[in-house]
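Fold and geometry: a report
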Amino acid sequence: MTATLTGTPQWKALSDHYDTIKDTQLRDLFASDSQRGQSLTTEAAGLYLDYSKNRITAETMTLLLDLARSRGLSEKIEAMFTGEKINLTENRAVLHTALRAPRDASVMVDGENVIPEVHAVLDKMSAFCDRVRGGQWKGHTGKSIRNIVNIGIGGSDLGPVMAYEALRHFSQRDLTFRFISNVDATDFAEATVDLDPAETLFIVASKTFTTIETMTNASTARQWLLDGTGGDESAIAKHFVALSTNAEKVSAFGIDTANMFGFWDWVGGRYSMDSAIGLSTMLAVGPSGFREMLDGFHEMDQHFRTTPLEENLPVIMAMLSVWYANFFGVETTAVLPYEQYLKRFPAYLQQLTMESNGKYVTVQGEQVDHETGLIYWGEPGTNGQHSFYQLIHQGTRLIPCDFIAFAKSLNPIGNHQDILIANVLAQSEALAFGKTAEEVKAEGTEDWLVPHRVFQGNRPSNTLFADQMSPSVLGKLVALYEHNVYVQSVIWDIDAFDQWGVELGKVLATKIIPELASDHSDELSHDSSTNHLIERYRKMK
């Protein structure tokens, strides 16, 4: 059995090293090494990572990678790619990487090569998307589809929403895309308020076709469609498709199972945006754009699988996260894309990272004796600079930042891009080096004001640079963070691919729903607070 993390010699070496450098200033590290800004960088798959503005030395990285090797990281990376059942609590392989493998690849699960099936689904999706995008798919009244509405939640929503926004520049502009996830009726009402049912196609994304939020919204959409097209039940098959594996329930809903796109239990929801769950993405950017995105995913997969740890982007980023979480006591990481098209990327990462690594027991079921699961959050720059950056610069919490920037804009206008990039570079410089009291005084600041204008600096950040936003680059960025998450889980000895923490609330909600709807003063069996709130709601209704 793998040794307890904090009991390993590698952990002890890192702990001792932390004690020696915890107060070291980035100013001093840069002053003592004129090449630091060039040496602590790496580049792969068109992404350039500058991690020089982290509170590390070359020795730190050596020790962190020693820890990674002691946890069998390279072997566990290979185990994931080759279909071993590394999702232990569900006895499943974890093969989102197979979703973007080329046709001639071979990935075996239970003795079967899954790649032909993956490409069969992709081909089916492509043929469907070509018909809709080209206007050949007609609705019940003979009109072409102009509106695509994705109904899902969690990984069946966050990935498609993020991808649509990220790739909007490449989308077919005469199609309107909407996304419904919240069971709050407002989400449905606002998404459909200006749509013509005769021109609207709904994508219902639920593997089991039982997810309560998704099926509640799907049922509402079904009635909305019938109300708007004359009440003929046969209209459902012209205006609904399913992303599911439950053919019986799909058919009972009225959807033609020929328009059901499947996926597999070795694809977790938060890792599924490049499966059939990405149908709305393919409808937006076309089959060729979708396959370009898959190629980007695959390029980062290959980098992660084959590159030595010292030059491996996901590994470096993950080990820095371990360094800050477990030695500096950091609790959050800010992801700050300086690209408006990536405005939903931080929200997407929240599920990817926190649903994966928000675990308090090891894979053996023992309670961990170390921190796990950083909180990921963020907003696009430069908006965030006028919002929460104050706390990052001068607050009492240490918040490492990932800055994401692009050399070229998809919408080049005047000097906007130069101003944007100047800001991202200025922010990372200001966080790292700050401004001393002496520097503030030298500007003629009155003594009483000096403390307020001092920036302590020594605040770490990574900077990720790419050439320009594209489907390929989006795939690379998502894969980068997917693998980052996995590396963290390997170090922490937790299962990144189950999510039992979401189950209890679901079960309790199922019990409470009929209790809220009841007009009778049934005997309630919850705690006194929940009982009273149920009674209060009944009266307020």
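From a predicted model like this one, the values you see are computed outputs, not experimental measurements.

To continue, consider the overall build of the chain. Check the secondary structure of the chain and you find 21 helices and 13 strands. A globule of 541 residues ought to have a C-alpha radius of gyration of about 24 Å, and the chain, at 25 Å, matches this closely. Along the first, second and third principal axes, the C-alpha set of the chain runs to 75 × 60 × 60 Å. Roughly 23,500 Å² of accessible area belongs to the chain as shown, and the carbon and sulfur atoms make up 50% of that amount. Averaging the coordinates of the 45 positive side-chain charges in the chain and doing the same for the 69 negative ones gives two points 3 Å apart.

Moving on: helix H1 (residues 9-21). Over its 13 residues, H1 runs 19 Å from end to end, which matches the ideal 18 Å to within 8%, given 1.5 Å per residue. When H1 is considered as a whole, its buried residues turn out to be Trp11, Leu14, His17, Tyr18 and Ile21. Viewed end-on, H1 has its buried residues packed into an arc of 125 degrees, placing them on one side of the element. Turned more than 90 degrees away from the buried face of H1 sit Pro9 and Thr20, all of them exposed. On its buried face, H1 sits against helix H4 (58-70) and helix H13 (313-327).

A separate point is the UniProt feature "active site" (unreviewed entry) in the chain. UniProt annotation of "active site" (unreviewed entry) refers to Glu355, His386 and Lys506 when read in the numbering used here. Across 152 residues in sequence, these annotated residues place their C-alpha atoms as far as 37.5 Å from one another, rather than forming a single compact spot. Its place among the elements puts Lys506 in helix H20 (residues 503-517). In this structure Lys506 comes out as partly exposed when scored by relative accessible area, which is 45%.

Now for the side chain of Glu339. Assignment of secondary structure puts Glu339 in the loop between strand E10 (332-337) and helix H14 (345-357). At 10 Å, Arg168 is the nearest oppositely charged side chain to Glu339, a buried residue that forms no salt bridge. There is a polar contact of 3.1 Å between the side chain of Glu339 and the backbone nitrogen of Tyr341. The contact partners of Glu339, leaving out residues within four places of it in the chain, are Gly381, Phe406 and Met469.

Moving on, we get to unusual backbone geometry. Look at the link from Gly381 to Thr382: it is a cis peptide, with omega at 10 degrees. Inspection of the secondary structure puts Thr382 in the loop between strand E11 (375-377) and helix H15 (389-394). Look at Ala45: it is not a glycine, yet its phi comes out positive at around 55 degrees. Secondary-structure assignment places Ala45 in the loop between strand E1 (41-44) and strand E2 (47-50). In this model, Asn91 sits at a positive phi of 50 degrees, which is unusual for a non-glycine residue. Within the secondary structure, Asn91 sits in the loop between helix H5 (73-81) and strand E3 (108-109).

Turning our eyes to something else, we now look at the pairing of strand E13 (residues 461-466). Along any regular strand the residues' side chains alternate between the sheet's two faces. Counting buried positions over the 6 residues of E13 gives 5, a clear majority of the element. As defined by bridge partners, E2 adjoins E13 across 3 bridges and the pair is classed as antiparallel. The partner of Asp50 across the bridge, within E13, is Thr463. With 6 bridges joining them, strand E12 (residues 401-406) and E13 adopt parallel strand pairing. Each bridged residue has a counterpart across the sheet, and for Cys401 the counterpart in E13 is Ser461.

Sheets are built from strands that pair by backbone hydrogen bonding, the pairs being arranged parallel or antiparallel. Taken in spatial order, the 6 strands of this open sheet run E1-E2-E13-E12-E10-E11, and their pairing is mixed. The open sheet has two edge strands with one neighbour each: E1 and E11. Pairs of neighbouring strands in the sheet enclose a mean axial angle of 15 degrees, with direction left out of account. Inspection of the sheet shows E10 paired to E11 by 3 bridges, in the parallel sense. When the sheet's bridge partners are listed, Thr333 is paired in E11 with Tyr376. Its contacts with the sheet place helix H16 (residues 416-433) against E12 and E13, and it is angled at close to 160 degrees to E12.

When you line up the elements, His526 lands in the loop between H20 and helix H21 (528-540). With 272 residues separating them in the primary sequence, His526 and Gly254 have C-alpha atoms 38 Å apart. Setting aside residues no more than four positions away along its own chain, His526 makes contact with Lys511, Ile512, Glu515, Asn531 and Ile534. At 2.7 Å, the side chain of His526 and the side chain of Glu515 are in polar contact.

Counting 126 residues, the largest nonpolar core has Trp266, Phe345, Leu474 and Tyr481 as the members making the most contacts within it. Per element, the largest residue contribution to this core is 13 residues, and it comes from helix H19 (residues 471-492). Apart from residues no more than four positions distant in its own chain, Trp266 is found in contact with Ala93, Val94, Leu95, His96, Ala98, Leu99, Val109, Val114 and Val118. Of all hydrophobic cores here, the second largest spans 23 residues; its members include Ala191, Ala221, Trp224 and Phe253.

Parameters at a glance
- Residue numbers run consecutively from 1 along every chain, following the written order of its sequence.
- Thresholds applied to this predicted model are a pLDDT of at least 70 for local features of residues and 80 or more for the giving and counting of side-chain atom pairs; totals over whole chains, interfaces and linings are not thresholded and use all residues.
- For side-chain calculations, the full set of non-hydrogen atoms in the structure is used, while hydrogens and water are omitted.
- In DSSP terms, a helix is any run of H or I states spanning at least four residues, a strand is any run of E spanning at least two, and both are numbered starting from the N terminus.
- Using C-alpha atoms as the atom set, the radius of gyration is obtained and then compared with a globule rule of 2.2 Å times the number of residues to the power 0.38.
- Only the protein chains shown count as cover for residues, and all accessible areas are computed by the Shrake-Rupley method using a 1.4 Å probe.
- Charged-residue counts in this description rest on Lys and Arg as positive and Asp and Glu as negative, His and the chain ends being excluded.
- To locate a charge, the coordinates of NZ of Lys, CZ of Arg, CG of Asp or CD of Glu are taken.
- What a helix is expected to span follows from its residue count: subtract one and scale by 1.5 Å.
- Burial status follows relative accessibility: with a 1.4 Å probe on protein chains alone, a residue under 20% of its type maximum counts as buried, one over 50% as exposed, and anything between as partly exposed.
- Taken from the helix axis, the directions to the C-beta atoms give the arc we talk about.
- Here, two residues are considered to be in contact whenever any of their heavy atoms come within 4.5 Å of each other.
- UniProt positions are given in the numbering used here, feature names are shortened, and annotations may be inferred rather than shown by experiment.
- The rule for a salt bridge is simple: a side-chain nitrogen of Lys or Arg has to be within 4 Å of a carboxyl oxygen of Asp or Glu.
- Between N or O atoms, a polar contact is any pair within 3.5 Å; within protein, one atom must be a potential hydrogen donor and the other a potential acceptor, and residues adjacent in sequence are included only when both atoms are from side chains.
- Any two strands with at least two DSSP bridges between them are considered paired.
- Inter-axis angles, ranging from 0 to 180 degrees, are taken between N-to-C directions of lines fitted to C-alpha atoms, where helices are fitted over the stretch in contact.
- Put simply, a nonpolar core is a bunch of buried Ala, Val, Leu, Ile, Met, Phe, Trp, Tyr and Cys residues held in one set by side-chain atoms that sit within 4.5 Å of each other.

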